[in-house]
Protein chains: 2
Amino acid sequence: MSAAVTEKTAPSLRTGAFGNARALACRECGNEVELGPSYACPDCFGPLEVAYDFPVVTREEIEAGPPNIWRYKALLPVPVDIEQSPNTEPGFTRLLRADNLARELGLEKLWVKDDSTNPTNSFKDRVVACALSAARELDAKVFACPSTGNLANAVAAAGARAGIRTVVFIPSDLEHPKQVNSAVYTDKLVAVDGNYDDVNRLASEIAGEEDGWAFVNVNVRPFYAEGSKTLGYEIAEQLGWRLPDQIVIPVASGSQLTKVDKAFQELIALGLVDDRPYRIFGAQATGCSPVSVAYKADTDAIRPVKPDTIAKSLAIGNPADGIYVLDICRRTGGAVEDITDDEVRDAIVLLARTEGIFTETAGGTTVGVLKKLVESGQLDTSLETVVINTGHGLKTLDAVSDRVGAAATIAPTYDAFVASGIL
Amino acid sequence: MSAAVTEKTAPSLRTGAFGNARALACRECGNEVELGPSYACPDCFGPLEVAYDFPVVTREEIEAGPPNIWRYKALLPVPVDIEQSPNTEPGFTRLLRADNLARELGLEKLWVKDDSTNPTNSFKDRVVACALSAARELDAKVFACPSTGNLANAVAAAGARAGIRTVVFIPSDLEHPKQVNSAVYTDKLVAVDGNYDDVNRLASEIAGEEDGWAFVNVNVRPFYAEGSKTLGYEIAEQLGWRLPDQIVIPVASGSQLTKVDKAFQELIALGLVDDRPYRIFGAQATGCSPVSVAYKADTDAIRPVKPDTIAKSLAIGNPADGIYVLDICRRTGGAVEDITDDEVRDAIVLLARTEGIFTETAGGTTVGVLKKLVESGQLDTSLETVVINTGHGLKTLDAVSDRVGAAATIAPTYDAFVASGIL
């Protein structure tokens, strides 16, 4: 299963086009196929994932790199000269010690990995940067995605900067502000009369019919997904080359969570961090919680759902990597948990008030699940914990606009201020 | 002229509270007063500015620091242990090589310094972090500001993270989304029935009447303003410890432009960069262009105006540092220029389409002025140029929401896509 770009471009791949990557390996049967725009195993249809032959990589080499994801280029499927190609230079975002939130929740040591300060304000800039590199090396003519939000922003911005023709497909009923936020970067925003599933289907159809299209989350998905590993690398490096004891990660397709685990395993294998146990926890919104439901039912059977939650960027009813999320959370002694939309809203305000970070609904879900995990005793409050914030609250203002506002409205005089009793 | 915090807190200042700062020096008469919450010269009422006794500072020391403004702590009025106090850790934002925009404008070598990826998405996080440090060292009880936008966000977020009581004053007719963007961080957002001038007056009145209030842009302004120097330091370091030949900077109060010049001069004095000529250009929107008007009239007399422009974050009709902006732009061989609101809108889309950066109206003003300076021959197209983007387009979506949108709306079929003629 590979898109039409293969035939034209595979022969002309330059040496080192994918760095230290060796092949695409099937996650199910282990079969390896050559690097290219393939995403499913030709034998068993399992998902393909990038496999590497890593050289020796040292902390010093990494630390001497740029303050973005390319400091980890030796561990990504990108060429050694990746910094020379125009890209959005995402990553190396803040890891903030969160003492106020820790105190509020009853945790001893907590950090927030804040990806809201990425170039287009979500972690998607990381994965899109890796997809862009693959598209370039595969000589793709068009860079594209179906999306309703963060991914559309990231693809449109990265495509503009790279100077590659970029087409973004969205449902036509998407709110105007979200359209603006992608259309500002590209004049090829296509509104599709239908829901997100319809848009997705159309993307797959185009990928099959047209030559030279790189759909970041379809035919170059294995390369795209590797970008999420950088979240794990950064957390370890920013902790002083140490893995956290516990980490809470949102689950949409589940890819991000599996890639953070992959990153931790790679760092251990390369001797860059000590091999010690860590627990991974997955976070979902109750209105779209197929993985959490399966976890709690102690089954591997993930039953697809029709999403109904304000956490739109997590609203994937049939998560492709859900089964791997279950496996990782169980293997590491973590868990998968879910919270209601009201709890999501509460958690957005909680994070803002305690740490000055304005997160979108996905981050609210993750922080809210962290809270629930503490309250239910599933998380060890004495252990060092990291929670990932994947996006920015400016994109989902409506989620809290009824909850916060002016404490008082006063006349412009000192007496009126004193009388207001604000302090 | 000093606020009531002085009396209570000056005696208890700890050693090194303001790092290598020596005193507050009057910009007009040179008179020096001790470090504290003062902002105007007791002799001549000129503005006070932080003066230093710098030790030897090396590139290596700076490069070994954190990826935020505290890598320059030796050059700021902050204590040596500043990283230990909770703050938003702003700065060290991307300096992006902008070849696409350069080509479009006819420039040989152009960079964009992108401050839209700061913690609350504008350069204000830099100045507020320095003001917060001063407030803490002066033992202020309340952290506050009058603002309509970016400053309110930055103060509310920094105050939340620092755990200090934070009060933000805004005009009561401010749009709801902008209120949410500050109120999410603080339960002490005060809406004032009046315009921004009324809010500002009220802030000054409270600063005079109440003990222990640190208004970032009033009584701790000298410390606050120093934060803008970090833009200059970062640009030089990111260019490989070199000053750019030309730089274009937006002008609101004018403080940022003067501080970038101060930063360049300090780097030269410290031997951190070669002493070579550079030109500084100021950017205003025509609807609030008192400095540009004075520049073109070849006078030092800046006539205050009533702002009427979409570039709200630059809409200061009586810019406090306007006279110094004129001096710097003339001394360095630069200029001050202004553009219309329509040109601002065009420039926002131009920057997004060429470099994947979504800027607010202030950044649109700066990029648009860059364009005009090239077209009018005031800028040397063969010289290396930097343009500063101070904020994020998500905060001023309305500016472009009529200009960009879907290229086509289609049925969810491949045939419909082909028929649309998008490609």
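Residues numbered from 1 in each chain as written. Chains lettered and ligands numbered in written order. Predicted model: local features only at pLDDT ≥ 70, side-chain atom pairs only at ≥ 80, totals over all residues. Heavy atoms only, no water.

Chemist: Tell me about the relation of the copies chain A and chain B, residues and numbers included.
Modeler: Least-squares fitting of chain A to chain B yields an RMSD of 0.0 Å, with the superposition described by an axial translation of 0.0 Å and a rotation of 180°. One copy is carried onto the other by what is essentially a two-fold rotation axis. When C-alpha positions in chain A are compared against the rotation axis, the closest is assigned to A:T117, at 2.5 Å. Most of the interface of chain A is mirrored in chain B, where 100% of its interface residues again form contacts. (Least-squares fit on C-alpha atoms with pLDDT ≥ 70 in both. Contact = heavy atoms within 4.5 Å.)

Chemist: Can you lay out unusual backbone geometry for me, pointing to particular residues and giving the numbers?
Modeler: In this model, A:D139 sits at a positive phi of 60°, which is unusual for a non-glycine residue. Following the sequence through the fold, A:D139 ends up in the loop between α4 (124–137) and β6 (142–146). Taking the relative accessible area as the measure of exposure, A:D139 reaches 43% and is therefore partly exposed. Phi at B:F45 takes a positive value of approximately 65°, unusual for a residue other than glycine. (Helix = DSSP H or I, 4+ residues; strand = E, 2+ residues; numbered from the N terminus. Buried < 20%, exposed > 50% of the residue type's maximum accessible area, 1.4 Å probe, protein only.)

Chemist: Just give me the short version of the domain arrangement of chain A, but keep the residues and values in it.
Modeler: All names here are of chain A. Domain boundaries in chain A define domain 1 (95–121 + 222–400) and domain 2 (123–221). Distance from the C-alpha centre of domain 1 to the C-alpha centre of domain 2: 25 Å. Summed over both partners, the interface of domain 1 with domain 2 comes to about 1,900 Å²; 50% of that surface belongs to carbon and sulfur atoms. It is T120, Y224 and K395 in domain 1 that bury the most area against domain 2; as a group they hold 42% of the surface buried on that side. At the junction of domain 1 with domain 2, the criterion picks out two salt bridges. (Domains from an automatic or database assignment. Buried area = accessible area lost by both parts, 1.4 Å probe. Salt bridge = Lys/Arg side-chain N within 4 Å of Asp/Glu carboxyl O.)

Chemist: Which residues make up the packing of aromatic side chains, and what are the values?
Modeler: The geometry of two aromatic rings is summed up by the distance between their centres and the angle between their planes. For the coordinates displayed, the defined rule picks out 20 aromatic pairs over all chains. Centre to centre, the rings of A:F169 and A:W213 are 6.3 Å apart; their planes meet at 35°, and the pair counts as tilted. Of the two residues, A:F169 is situated in strand β7 (residues 165–171) and A:W213 in strand β9 (residues 213–215); the sequence distance between them amounts to 44 residues. In this structure A:F169 comes out as buried when scored by relative accessible area, which is 0%. The class of A:W213 is buried, set by a relative accessible area of 2%. When the ring of A:F358 is compared with that of B:Y185, the centres are 6.2 Å apart and the planes differ by 75°; the resulting orientation is edge-to-face. Residue A:F358 is found in the loop between α13 (341–355) and α14 (361–375), and its partner B:Y185 is found in the loop between α6 (176–183) and β8 (189–192); the two belong to separate chains. Look at A:F358 and you get buried, because its relative accessible area is 2%. (Phe/Tyr/Trp six-rings, centres within 6.5 Å; stacked < 30°, edge-to-face > 60°.)

Chemist: Just give me the short version of the packing of helix α9 (residues 229–238) of chain B against helix α10 (residues 255–269) of chain B, but keep the residues and values in it.
Modeler: Residues and elements named next belong to chain B. At a minimum axis separation of 7 Å, α9 and α10 run at an interaxial angle of 50°. Comparing their axes, α10 and α9 come out oblique. Between α9 and α10 lies a crossing whose hand is right-handed. Contacts between α9 and α10 involve K229, L231, G232, Y233 and A236 from the first element and Q256, K259, V260, K262, A263, F264, E266 and L267 from the second. Here the residues of the contact of α9 with α10 sort into seven nonpolar, two polar and four charged. (Axes fitted to C-alpha atoms, helices over the stretch in contact; angles between N-to-C directions. Parallel < 35°, antiparallel > 145°, perpendicular 65-115°, else oblique. Left-handed = near helix turned anticlockwise from the far one by under 90°. Nonpolar A, V, L, I, M, F, W, Y, C, P; charged D, E, K, R; others polar.)

Chemist: Can you lay out the interface of chain A and chain B for me, pointing to particular residues and giving the numbers?
Modeler: Contacts between the two partners involve 77 residues from chain A and, on the opposite side, 77 residues from chain B. Carbon and sulfur atoms make up 62% of the surface buried where chain A meets chain B, a total of about 6,200 Å² over both sides. On the chain A side of the contact with chain B, A:R161, A:V184 and A:Y414 bury the most area, a combined 11% of that side's loss. The tally of links between chain A and chain B comes to two salt bridges.

Chemist: Quick rundown of the side chain of A:D125? Include the residues and the values.
Modeler: Residue and element names in this part refer to chain A. Tracing the backbone shows D125 in helix α4. For the buried D125, which has no salt bridge, the nearest side chain bearing the opposite charge is K395, at an N-O separation of 6.7 Å. A distance of 2.6 Å separates the side chain of D125 from the backbone nitrogen of T120, its partner in a polar contact. Dropping the residues within four chain positions of it, D125 is found in contact with T88, P90, N118, P119, T120 and A154. (Lys, Arg positive; Asp, Glu negative; His and termini not counted. Polar contact = N/O pair within 3.5 Å; in protein donor to acceptor, adjacent residues only side chain to side chain.)

Chemist: An account of helix α6 (residues 176–183) of chain A is requested, with residue identities and associated values reported.
Modeler: Where α6(A) is concerned, the buried positions are A:Q179, A:V180, A:N181, A:S182 and A:A183. Tucked inside the fold, the buried residues of α6(A) contact α5 (150–162), β7 and β8 (189–192) of chain A together with α13 (341–355) of chain B.

Chemist: Pulling in residues and values, what's your account of the UniProt feature "modified residue: N6-(pyridoxal phosphate)lysine" (unreviewed entry) in chain A?
Modeler: Within this structure's numbering, the places UniProt gives as "modified residue: N6-(pyridoxal phosphate)lysine" (unreviewed entry) are A:K124. In this fold, A:K124 is placed in helix α4. (UniProt positions renumbered as here; feature names shortened; annotations may be inferred.)

Chemist: Please set out the pairing of strand β11 (residues 279–285) of chain A residue by residue, giving values where relevant.
Modeler: Residues and elements named next belong to chain A. For β11, the tally of buried residues reaches six of seven residues, placing the bulk of the element in the interior. For strand β10 (residues 246–250) and β11, the ladder comprises five bridges, and the chain directions are parallel. Bridged to V248 within β11 is F281. For the crossover from β10 across helix α10 (residues 255–269) to β11, the handedness is right-handed. Strand direction decides the pairing type here: β11 and strand β12 (residues 335–339), joined by five bridges, are parallel. Counterpart to F281 in the pairing with β12 is A335. (Pairing = 2+ DSSP bridges. Right-handed = clockwise from strand over helix to strand, strands pointing away.)

Chemist: Before we move on, can you summarise the environment of A:E63 with the specific residues and values?
Modeler: All names here are of chain A. Its place among the elements puts E63 in helix α2 (residues 59–63). The spatial distance from the C-alpha of E63 to the C-alpha of F45 is 39 Å, given a sequence separation of 18 residues. Apart from the residues within four sequence positions on either side, E63 is in contact with R71, E237 and W241. Within the structure, E63 has its side chain in polar contact with the side chain of W241 (distance 2.7 Å).

Chemist: Describe the UniProt feature "domain: Tryptophan synthase beta chain-like PALP" (unreviewed entry) in chain A, with residues and values.
Modeler: Those places that UniProt annotates as "domain: Tryptophan synthase beta chain-like PALP" (unreviewed entry) correspond, in this numbering, to residues 90–391 of chain A. The span residues 90–391 of chain A is 45% helix and 17% strand, and its two end C-alpha atoms sit 13 Å from each other.

Chemist: Provide a residue-level description of helix α7 (residues 196–209) of chain A, including the pertinent values.
Modeler: Residue and element names in this part refer to chain A. Across its 14 residues, α7 extends 20 Å between first and last C-alpha, which sits within 8% of the 20 Å expected from 1.5 Å per residue. Turning to α7, its buried residues number three or more, namely D198, V199, L202, A203, I206 and A207. Regarding α7, its N-cap is N195, as a side-chain oxygen of that residue lies 3.1 Å from the backbone nitrogen of D197 further along. (Expected span 1.5 Å × (residues − 1).)

Chemist: Give a detailed account of the state of the cysteines, specifying residues and quantitative values.
Modeler: All names here are of chain B. Counted by the stated rule, this structure contains zero disulfides over all chains. Looking at the unpaired C145, the closest cysteine sulfur is the one in C130, lying at 16 Å. We classify C145 as buried; its relative accessible area is 0%. Unpaired in terms of disulfides, C329 finds its nearest cysteine sulfur in C288, a separation of 16 Å. (Disulfide = S-S within 2.5 Å.)

Chemist: Requested: an account of the sheet that holds strand β4 (residues 95–97) of chain A, with residues and values cited.
Modeler: Residues and elements named next belong to chain A. Taken in spatial order, the six strands make up an open sheet running β4-β5-β13-β10-β11-β12, and their pairing is mixed. The sheet is open, and its two borders are formed by β4 and β12, each paired with just one other strand. Between one strand axis and the next, the sheet turns by 25° as a mean value, whatever way the strands run. Helix-sheet contacts for α14 involve β5 (109–114), β10, β11, β12 and β13 (384–389), and the interaxial angle to β12 is about 115°.

Chemist: Account for the pattern of salt bridges, naming residues and giving values.
Modeler: What the rule picks out here adds up to 70 salt bridges over all chains. Close ionic contact of B:K262 with B:E226 constitutes a salt bridge, the shortest N to O distance being 2.9 Å. Placement of B:K262 in helix α10 and of B:E226 in helix α8 (residues 221–226) is noted, with a sequence separation of 36 residues between them. Of the two residues examined, B:K262 and B:E226, each falls in the buried class. Its salt-bridge partner being B:E337, residue B:K372 comes within 3.6 Å of it at the nearest N-O pair. In this pair, B:K372 sits in helix α14 (residues 361–375) while B:E337 sits in strand β12 (residues 335–339), placing the two residues 35 residues apart along the sequence. What you see here is one network of salt bridges that share partners, running through A:R27, A:E49, A:E226, A:K229, A:K259, A:K262 and A:E266.

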